[in-house]
Amino acid sequence: MLALSLLSGAAAAQSEAAQEPSQSRAKYVIEARYDEDTRQLGGNVTVTWTNQSGEPVRDLWFHLYLNAFANNRSTHLKEAGGRLRGRMAEEGWGWSRVDRVQIGWPGGEGGEEVNSSFRYRQPDDANEEDRTVFSVDLPRPVASGETVLARIDWVSQLPRVRRRTGYKDDFLLVAQWFPKLAVYEAGRGWNAHQFHANTEFYSNYGTYDVRLDLPANYKGRVGGSGRAVREQLELGRLKVRFEAPTPRDRRREDATGKRPLVHDFTWTADEDYVVMTQIFKPQEWMEDFPDEVERARAALGDDFSLEMRPVDVTVLSQPERASQADRHFKATCAALFFYGLWFGEYPYEHVTVVDPAWGARAAGGMEYPTLFTCGSRLFTTEDMQQPEGVTVHECGHQFWYGLVGNNEFEAAWMDEGFNSFTDSEVLWRVYGPRRETTDYLRVPVDGRAVADLPHEGALARALTAQAIPVPLPFLPDIELHPVRAHTFKDSWRDKPRERSLGFLALYRDQPCLSFVQEWTDPRWADRARYLGDPNSDPIETWGWEYVDRESYVINSYPRTAVALRTLAAVVGDQAFLRGMRHYSEDWRYAHPYPEDFYRSFQQGSGTEVDWYFREVFQGTGTVDWQVEVDQERRPDPVGFFQAEGGQFLERAVEEGAEEEERPWKVEVLLRKEGELALPMPLTMTFEDGTTRDLLWSREEQQHKNWRRVEFESDQKLVSVVLDPERGTYIDSDMSNNQWFDATDAVAPWRWGERTLAQFQRYFHWISGLGG
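On a predicted model such as this, the values are computed, not experimentally measured, just so you know.

## Some thoughts on the overall build of the protein chain
Within the protein chain one finds 18 helices and 42 strands. Against the 2.2 N^0.38 benchmark of 28 Å for 771 residues, the protein chain shows a C-alpha radius of gyration of 31 Å, consistent with a compact globule. Summarising its shape, the C-alpha atoms of the protein chain cover approximately 115 × 75 × 50 Å along the three principal directions. Each of the 771 residues in the protein chain was classed as buried or not, and the buried ones make up 56%. The long-range share in the protein chain, meaning contacts at least 24 apart out of those at least 6 apart in sequence, stands at 73%.

## Structural notes on helix 12 (residues 522-530)
Given 3.6 residues per helical turn, the α-helix brings residues three or four places apart onto the same face. The buried count for helix 12 comes to eight of nine residues, which makes it a mostly enclosed element. Within helix 12, burial applies to Pro522, Arg523, Trp524, Ala525, Asp526, Arg527, Arg529 and Tyr530.

## Focus: the sheet that holds strand 34 (residues 623-633)
Strand order in the open sheet formed by three strands is 34-37-40, with antiparallel pairing between adjacent strands. This sheet does not close on itself; its edge strands, each paired only once, are strand 34 and strand 40 (706-713). Between one strand axis and the next, the sheet turns by 15° as a mean value, whatever way the strands run. In this sheet, strand 37 (residues 664-674) lies alongside strand 34 in antiparallel orientation, the contact comprising eleven bridges. Along strand 37, the bridge assignment pairs Glu628 with Leu669.

## Looking at empty space enclosed by the protein
Applying the stated rule across the entire model yields five cavities of 30 Å³ or more. Volume-wise, the largest cavity comes out at about 90 Å³. Taken together, 13 residues form the lining of the largest cavity, with Arg163, Gln176, Phe195, Phe201 and Tyr368 sitting closest to its centre. The volume enclosed by the second largest cavity comes to roughly 60 Å³. What lines the second largest cavity is Lys180, Phe201, Tyr202, Ser203, His263, Asp264, Tyr401, Gly405, Asn406, Glu408 and His591. Residue classes in the lining of the second largest cavity are distributed as three nonpolar, five polar and three charged.

## Points about the environment of Ala228
With respect to the helices and strands, Ala228 occurs in strand 18 (residues 227-234). Along the sequence, Ala228 and Asp693 sit 465 residues apart, while their C-alpha atoms lie 60 Å from each other. In this structure Ala228 touches Val240, Arg241 and Phe242, once residues within four positions along its chain are discounted.

## Focus on the pairing of strand 18
For strand 18 and strand 19 (residues 237-244), the ladder comprises seven bridges, and the chain directions are antiparallel. Residue pairing in the sheet places Leu233 in a bridge with Leu238 of strand 19. In this antiparallel pair of consecutive strands, strand 18 and strand 19, the connection spans two residues, and Leu235 shows a positive phi of 55°.

## Examining unusual backbone geometry
Cis geometry is adopted by the peptide bond preceding Pro245, which originates at Ala244 and carries an omega value of -10°. Within the secondary structure, Pro245 is located in the loop between strand 19 and helix 3 (247-250). In this chain, Gln386 is followed by Pro387 through a cis amide linkage whose omega measures 20°. Examined against the element boundaries, Pro387 turns out to sit in the loop between strand 25 (371-373) and helix 7 (388-396). Backbone geometry places Tyr589, a non-glycine residue, at a positive phi of 60°. As for its placement among the helices and strands, Tyr589 is situated in the loop between helix 14 (573-586) and helix 15 (594-605). Looking at Tyr589, the relative accessible area reads 1%, which means it is buried. Positive phi outside glycine occurs at Arg726, with the angle close to 55°. With respect to the helices, strands and loops of the structure, Arg726 is situated in the loop between strand 41 (717-722) and strand 42 (738-740).

## Quick notes on the sheet that holds strand 21 (residues 274-280)
With mixed pairing, the five strands of this open sheet are ordered in space as 21-22-23-25-24. Of all strands in the sheet, those bounded by a partner on one side alone are strand 21 and strand 24 (366-368). Taking the axes of each pair of neighbouring strands and ignoring which way they run, one obtains an average angle of 15° across the sheet. Pairing between strand 22 (residues 311-317) and strand 23 (residues 350-354): five bridges, direction parallel. Paired with Asp312 across the bridge in strand 23 is His350. Where helix 6 (residues 325-343) meets the sheet, it contacts strand 21, strand 22, strand 23 and strand 25, and its direction lies at approximately 35° from that of strand 21.

## Considering a negative patch on the surface
Judged by side-chain charge, Asp291, Glu294, Asp302 and Asp303 come together as a negatively charged surface patch. You can see Asp291 is positioned in helix 5 (residues 290-300). Residue classification places Asp291 among the exposed positions, given a relative accessible area of 65%.

What counts and how
Residues numbered from 1 in each chain as written. Predicted model: local features only at pLDDT ≥ 70, side-chain atom pairs only at ≥ 80, totals over all residues. Heavy atoms only, no water. Helix = DSSP H or I, 4+ residues; strand = E, 2+ residues; numbered from the N terminus. Rg over C-alpha atoms; globule rule 2.2 N^0.38 Å. Buried < 20%, exposed > 50% of the residue type's maximum accessible area, 1.4 Å probe, protein only. Contact = heavy atoms within 4.5 Å. Pairing = 2+ DSSP bridges. Axes fitted to C-alpha atoms, helices over the stretch in contact; angles between N-to-C directions. 1 Å grid on protein atoms, 1.4 Å probe; cavity = no way out; pocket = protein on both sides within 12 Å on 5 of 7 lines; lining within 4 Å. Points joined across faces, edges and corners; volume = space filled by probe spheres on them. Nonpolar A, V, L, I, M, F, W, Y, C, P; charged D, E, K, R; others polar. Patch = residues over 30% accessible without salt bridge, like charges linked within 9 Å, V, L, I, M, F, W, Y side chains within 5 Å. Areas by Shrake-Rupley, 256 points an atom, 1.4 Å probe, with all protein chains shown as cover. Salt bridge = Lys/Arg side-chain N within 4 Å of Asp/Glu carboxyl O. Lys, Arg positive; Asp, Glu negative; His and termini not counted. Charge placed at Lys NZ, Arg CZ, Asp CG, Glu CD.

Right, dumping it as C-alpha cells:
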C-alpha cells in the first residue's frame, strides 16, 4: 500500500518541484475521520517530499501545532501567561499524538517503520514540556533531487476554539490539525520553530488531497482550501474530498507562467451555515476604477498585462448575520481586484469566506490558502467598516502569505505588515473614511468622547461605579460592579481600550450631548497605532524575540505599513509599484527572506535604497521634522554709514515712508530630531498665491540637524509646509510640520466647550447617582 502511494505521488511531486528548482515541494494525501462525541480526528497523512536543497538530508522534522494547547507548560501558553485570546486556558485542551511513522522511496522501496527514532525537539527554548516539533531519522539520507515518502498515523484532539482553530458546539474550524512537514533550507537545515505565542506558520508549497469522514448533518455545509471535488452520504456518514489547488487550477498557468500551489490545508463545517456563492468579475471593477487601472498601467507599462481571472466567492455566514453576506462578498472582491491589480492576479478559481459562530470569536481573523475567516457583529453599517476591514485584510493574505510565502516565525512583518499597508489603501479607495462609534449595551452609538474620563486606580473606578468596594469583616476584596467594564478596539487590529459600556455608563456619558463625530482614514490609523511604540525593536526581528506583545504587534502590522508608505514617498509612486510587483511575482510560490525583498524591490523599482531598509527596517531610529518662521518688514537704514570718501554719515528715519514699500525679511528654520534622515520637500506659499519649493536633502540632514533659509520677498509669506503631499508617515509629530501666518481662534473654544460639557456631566454623575 505504501509503495503504491509512493508511485502515484512521487512523479507529480517531482514535476511540481521542477517549476522552482531552489524550492523543495511537498504533496499531501490525508484521510481523517471526525468523532463528534470525543471531538477527535483520527487518520493518516502521506507526505511526498522532493529534496531540492542541493545537499543530502538525514532526517525529517514535523510540526504538531495543536500541542501548543495541550497544557499550560507548552512554550505557547507560557509566553502567553496561560491566556489564549485574552482568557485563561483552564479547559477545552487540544493535542496531537503520532502513533506510527513509516518511510518509503520511489520504486516501491521501503515501508520501514522509524518510530524508534521519534523524538520531540525544542530548538528555540529547550522547554522539554513543549511538544510542537518532532523529528524522525531516515533509514538512509535522501539526496538532492530525490523524493522520499512518509506515512504518519495520528490522532488529534480538537480544542475548544483557541487561536483560530477548534470547535464551538457544532461549529468547526480545523486548522494546523495534522503533522506538517517543516521547511528544509540549504545551509540551515530544517526550519522548524516551536509554536510561540507571537508566531504563526511556515511550510512547503505543494498540493493537498484530503478525504474527510464527517457526521451527516454537515452535508452542504463544509468548506475547505481548494474545493470539494466529491461530497456524498455513505452509511450515515458524510464523505467529502477536497483538492487544493483544484484540478482545474493545476492545469492553468498564471500570469507569471507558473502553475498554482498552496502551502497548507484548512477546513470548516457548521450545520448552521448560510451558503452564498457569487462571482468576482474583475472587468466590472476595472470599469468602476479606471483611474487606478491607468495608475497601474503608467507604472508597469502599456505592454504589461493587467488581466485577472473571474473567481467564485463562497460566503459561509451565520444565520443572524446572513444579511451581511453581500458586504463580505464586496469586500472580498475589493481585495481580489486591488491586490491583483498591484501584485498580480489571484490564480485560484475559488475562495471561501467564513463568518465564525457566536462564541467562536477566537476563530475569526485568520488566513489560510483559498479560505479565510473574518468576523462581524450586529448593528453595523458599511461606513463603520465592520466586517469590511477584517474581510479585506484576511483576503489580502491570499497574496501576502498565500502566494508569497515568507517565514512567519522569523519575519511576520513580511506578510502582516505588507498586508496592513495594502488593506488600508484598498479600504480608503473603496469605502473612504471609517466612522467611529462607541458601544453601549453592545449597540454602537455614533461618535467619541473628546477626552478620557478617569478610569485608573481604585478611587476612579469607584467614582465611575466600575468597582465599588464593600467593607465587610472577614470577607476582604468584595466589590460591586454596577457599570460593567468592557474591552473594545478602535478597529479590528488596534490596541484594546477599556470603557464602561453598560446602561449606567450611557446615562453618565450622555453621548448625544457630549460626543463628537470622528472619521478616520485607515492609512492614518496605521500611523497613529505605530506611534504607540515606534522604537522598542527593529521591524526585522523574530516573532518571539520582541520585547513584548505590543512591540510584536506594532512592528509586524502598522510600523511596517508606515515604513512602506514612506518608502513610496521616497522613491515615487510609480517606482514603488514596479518594485512591489517585481518582488511579488519574483517570489510567488516561494519563501523569501528580508534580504530577498530588499534586493528584489530595488531591482524592480530601479532604485538604490539600501540605506532606507538598513535604517528603517533593521534599526530603531525615529525622526521629527519641524519648521519655524520669523518674518518682518525690512527696517529702514538708521545710524552712521560709511560713504565712498571714507567718512561716516548719519542717516535718520524718513518721515512719511510707507511700510508697504519695504520688502519682507524672512527666516525659515528647519529642524530635525532623531536618527533618521530622509529627503524632505517643503512648499512656501506667499500672499499673492505664488509658491516656492525646496528640498532638504538626506545628505544635508546627515551633516546638520537644522537648515536656515533666509531671503527677502515683496510678498508676505503666509504658510510653510514640510512634506506637502503628506507621504512621510514615519514622522513622529506632524503637528509642527507646518506654519501659518493666520491663526484659528475659534477651534480651541469649540473643542474646549465639548470637553467642559463632558466633564460637567461626569461631575454631575459623581455628585448624584455615582457619588
